[in-house]
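Observations on chain architecture
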Amino acid sequence: MGSPSSEDAVSARESLSSEGRSPDMEYSGEASSTLLDGDEGSRRITNADSSALNTDSSDSDSSEDTEVTQTFTASESREEEIDPEVTSKDDSPSTESKPKLPTMEDFSSWQRIIRLDAVRANSEWIPYSTTQAAVSEASARRSAEAVGLKDYDHLEPCRIFHAARLVAILEAYALYDPEIGYCQGMSDLLSPIITVMTEDHEAFWCFVGFMKKARHNFRLDEVGIRRQLNTVSKIIKSKDSHLYRHLEKLQAEDCFFVYRMVVVLFRRELTFEQTLCLWEVMWADQAAIRAGIGKSAWSRIRQRAPPTEDLLLFAIAASVLQKRKLIIEKYSSMDEILRECNSMSGQLDVWKLLDDAHDLVVTLHDKIESSLSL
Amino acid sequence: MSARRRTLLKVIVLGDSGVGKTSLMNQYVHKKFSQQYKATIGADFVTKELQIDDRLVTLQIWDTAGQERFQSLGVAFYRGADCCVLVYDVNVMKSFDTLDNWHDEFLKQANPQDPATFPFILLGNKIDIDGGNSRVVSEKKAKDWCASKGNIGYFETSAKEDYNVDAAFLCIAKTALANEHEQDIYFQGIPETVVTETEQRGGGGGCAC
């Protein structure tokens, strides 16, 4: 029945040490070498093509590849060919400054947190993968043992199995991208992927593609998250000066209240199905940009929103703007707005959200883009 | 009277991932327990009204992400705190070892007026696990640590079994209130003593207040 075996999980990790060099994830030599032993070190200087294109030192995660289909249909050996077309100016881990923040995180602490998060992943995915939901107990336990999972006795087999897959892929990712390693929230991003993809090695590369953009959310220097909060703030400011002035009055104009939406791309606020909708629309925009569907072509079709790298951020701003009346009239502290945002879970209409986001894109796209490039 | 001006008490709960911060808060406020609380991303809070010595206070308890990767979060959320609750898992040594970091990092980021007297409370959680057999941090060790930090209050808790949770949070509320009171009347001397409540149940530690 095509249910993935635990061997898949292991193979995802093994593929890393053999030939799965992170093709377009370059590291400036010393940035991460302390985290891994020698055999991983060589991959940081594997290909020159991406670094040649990576000229922009800004953090901006606004133009990176998340083209999932492309990534996973490609065999690992093809990764290098994909690289040039998906690499853009901002995909530049190589120019990231080395995090200076005090951190005691090493692989073993990532492992511990990965297992913790895997075991407490929710069960929302179950209706969307009947084959994985029907996994036998024996098979689930085998997968769990293969990755050294513990404390899962309270879980049903399908959830044990899901947890084991999360562990296998997240550990592999932590090795693959040691600068990011594991950060809480990444399991939220991976869970939908392994639900729709039954093979671990495919899911892994798919996740790698997803993380090219999303990894900036988890950077220790916080540049990625700050840029995005800043963009949300600019969108709100441009669209609704009244609301923005209210936020300023509450010292909330930094939009920290949408932090969680940004970090896990609305995963916590939307249902499983809604999340896939939003993500796929986002990916479609990003694919359109990569395909060269530029602004000029779109400006002629005036009713339509041009594709944007920041659709997520427009959607986040839209979700806040939907609450503008409540915020302005009733809320007198940042705490209350944060509370409102955190309790949007299950309350959102993803199509309305996308409509509102696209309306914002139509009116503000040029303004936001140009103000960000200044 | 200035002390009555504000009855909102802001409490920040810190500690490593998986020690049970969210569970403790939910047990206290909603009287429920789940093994499936997802990792907290960013920060969130719950509130609870309670009465302390004729005063009605709103306890605003902030839950934070246990993986302290993002510094700016601290600045945004720790500010204005009246008390900081540190949580560790009595079965995980590392979660105890990192308490110093949480303690220092909080003071650095919250930047309270008087760091030396800013109130902390320590909770040793998950004492129910394996009937206590998998415990690796002794009560004495925890209390010694508390003593070294200026005699901060210590409670051993089980969010799962709802053991000592109310007592701990009552103490937290009183400690926060005492601190808030001091701030209000610009009294920077010896911490105000508050009459010990009789509700405090169970063993495993106590409260400086």
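Residues numbered from 1 in each chain as written. Chains lettered and ligands numbered in written order. Predicted model: local features only at pLDDT ≥ 70, side-chain atom pairs only at ≥ 80, totals over all residues. Heavy atoms only, no water.

In this section: the overall build of chain A. For chain A, the helix and strand inventory stands at 20 helices and zero strands. Each of the 374 residues in chain A was classed as buried or not, and the buried ones make up 58%. Of the roughly 14800 Å² of accessible surface on chain A, 52% is carried by carbon and sulfur atoms. (Helix = DSSP H or I, 4+ residues; strand = E, 2+ residues; numbered from the N terminus. Buried < 20%, exposed > 50% of the residue type's maximum accessible area, 1.4 Å probe, protein only. Areas by Shrake-Rupley, 256 points an atom, 1.4 Å probe, with all protein chains shown as cover.)

Attention shifts here to helix α13 (residues 241-249) of chain A. All names here are of chain A. Three or more residues of α13 are buried, namely L243, Y244, H246 and L247. Take α13 and look down its axis: the buried residues cluster within an arc of 160°, on one side only. Across α13 from its buried face, at more than 90 degrees, point the exposed residues R245 and K249. Looking at the buried side of α13, the elements it contacts are α12 (223-239), α17 (311-321), α18 (324-330) and α19 (334-342). Q251 sits one or two residues past α13 and shows a positive phi near 55°. (Arc of directions from axis to C-beta. Contact = heavy atoms within 4.5 Å.)

The next subject is the domain arrangement of chain A. All names here are of chain A. When the domains of chain A are assigned, the result is domain 1 (104-217) and domain 2 (223-371). A C-alpha centroid distance of 28 Å is found between domain 1 and domain 2. Each partner contributes residues to the interface: domain 1 has 14 residues there, and domain 2 has 19 residues. Carbon and sulfur atoms supply 62% of the area buried between domain 1 and domain 2, which totals about 1400 Å² over both sides. In this structure, the connection of domain 1 to domain 2 is made through three salt bridges. Of the charged contacts, one joins E309 and K213 as a salt bridge, the two residues approaching to 3.4 Å between their closest N and O atoms. In this assembly, domain 1 and domain 2 are joined by eight residue pairs in polar contact (both at pLDDT 80 or more). (Domains from an automatic or database assignment. Buried area = accessible area lost by both parts, 1.4 Å probe. Salt bridge = Lys/Arg side-chain N within 4 Å of Asp/Glu carboxyl O. Polar contact = N/O pair within 3.5 Å; in protein donor to acceptor, adjacent residues only side chain to side chain.)

Residues and elements named next belong to chain B. Relative to the helices and strands, S158 resides in the loop between β6 (153-156) and α6 (165-184). Looking at S158, its side chain comes within polar contact range of the side chain of D128, at 2.8 Å. At a separation of 2.9 Å, a polar atom in the side chain of S158 contacts the main-chain amide nitrogen of E161. Excluding its chain neighbours within four sequence positions, the residues that come into contact with S158 are N125, K126, I127, D128, Y163 and V165.

A separate point is the side chain of D16(B). In this structure, D16(B) sits in the loop between β1 (8-14) and α1 (21-30). No salt bridge forms around the buried D16(B); measuring N to O, its nearest opposite-charge neighbour R112(A) is 4.3 Å away. Not counting chain neighbours up to four residues away, the residues in contact with D16(B) comprise R112(A), K21(B), G66(B), V87(B), K94(B), S95(B), T98(B) and W102(B). (Lys, Arg positive; Asp, Glu negative; His and termini not counted.)

Let's shift gears to the interface of chain B and chain A. The accessible area lost on association of the parts is a frequent measure of interface size. Listed as interface residues are 28 residues of chain B and, on the opposing side, 40 residues of chain A. Counting each side, the surface lost to burial between chain B and chain A is near 3200 Å², with a carbon and sulfur contribution of 52%. Taken together, chain B and chain A are joined by one salt bridge. Between K38(B) and D188(A) there is a salt bridge; the shortest N-O distance is 3.1 Å.

Residue and element names in this part refer to chain B. Of all the six residues making up strand β5 (residues 120-125), six are buried; the element is thus mostly covered by neighbouring parts of the structure. Burial of β5 is two-sided: the residues F120, L122 and G124 facing one way and the residues I121, L123 and N125 facing the other way are all buried. Here six bridges tie strand β4 (residues 83-89) to β5, and the two strands are oriented parallel to one another. Bridge pairing links Y88 to G124 in β5. Sheet analysis places β5 next to β6, joined by four bridges and oriented parallel. Residue pairing for β6: L122 is matched across the bridge by Y154. Taken together, β5, helix α5 (residues 139-148) and β6 form a β-α-β motif whose crossover is right-handed. (Pairing = 2+ DSSP bridges. Right-handed = clockwise from strand over helix to strand, strands pointing away.)

Counting 132 residues, the largest nonpolar core has F257(A), V258(A) and F106(B) as its most contacted members. Among the elements that make up this core, the one with the highest residue count is helix α9 (residues 157-176) of chain A (14 residues). Taken together, domain 1 (104-217) and domain 2 (223-371) of chain A each give at least three residues to this core, which thus spans both. One finds Y28(B), I52(B), L170(B) and A176(B) within the second-largest nonpolar core, a separate group that totals 31 residues. (Core = buried A, V, L, I, M, F, W, Y, C linked by side-chain atoms within 4.5 Å.)

Right, let's get into the pattern of salt bridges. Residues and elements named next belong to chain A. Inspection of the entire model under this criterion finds 28 salt bridges over all chains. In this structure, E124 and R267 form a salt bridge, with 2.8 Å as the shortest nitrogen-oxygen distance. Linking E124 in the loop between α6 (107-119) and α7 (130-133) with R267 in the loop between α14 (259-263) and α15 (272-290), this pair joins segments that are 143 residues apart in sequence. When salt bridges that share partners are traced, they join E137, R141 and D153 into one network.

Okay, the confidence of the model for chain B next. Residues and elements named next belong to chain B. Predicted confidence across chain B gives a mean pLDDT of 85, with 81% of residues reaching 70 or more. Counting contacts from residues 1-5, a segment whose pLDDT is below 50, to residues more than four positions away or on other chains yields nine contacts. Prediction confidence for the complex, expressed as pTM and ipTM, is 0.79 and 0.83 respectively. (pLDDT = per-residue confidence, 0-100.)

All names here are of chain B. Within this structure, the stated rule accounts for 20 aromatic pairs over all chains. Summarising the aromatic geometry, the rings of F45 and W62 are spaced 4.7 Å apart at their centres and angled 35° between planes, so their arrangement reads as tilted. Here F45 is found in strand β2 (residues 43-52), whereas its partner W62 is found in strand β3 (residues 55-64), with 17 residues between them in sequence. For the pair shown, F45 and W62 are each scored as buried. Taking the centre distance of 6.4 Å and the plane angle of 15° together, the rings of Y88 and Y154 count as stacked. Residue Y88 is located in strand β4, and its partner Y154 is located in strand β6; the two are separated by 66 residues in the primary sequence. Y154 carries the same exposure label as Y88, and that label is buried. (Phe/Tyr/Trp six-rings, centres within 6.5 Å; stacked < 30°, edge-to-face > 60°.)

Turning to unusual backbone geometry, a few remarks are in order. Residues and elements named next belong to chain A. A positive phi angle, near 65°, is found at E222, a position not held by glycine. With respect to the helices and strands, E222 occurs in the loop between α11 (200-214) and α12. Residue class for E222 comes out buried when judged on its relative accessible area of 5%. Even without being glycine, Q251 reaches a positive phi, approximately 55°. Inspection of the secondary structure puts Q251 in the loop between α13 and α14.

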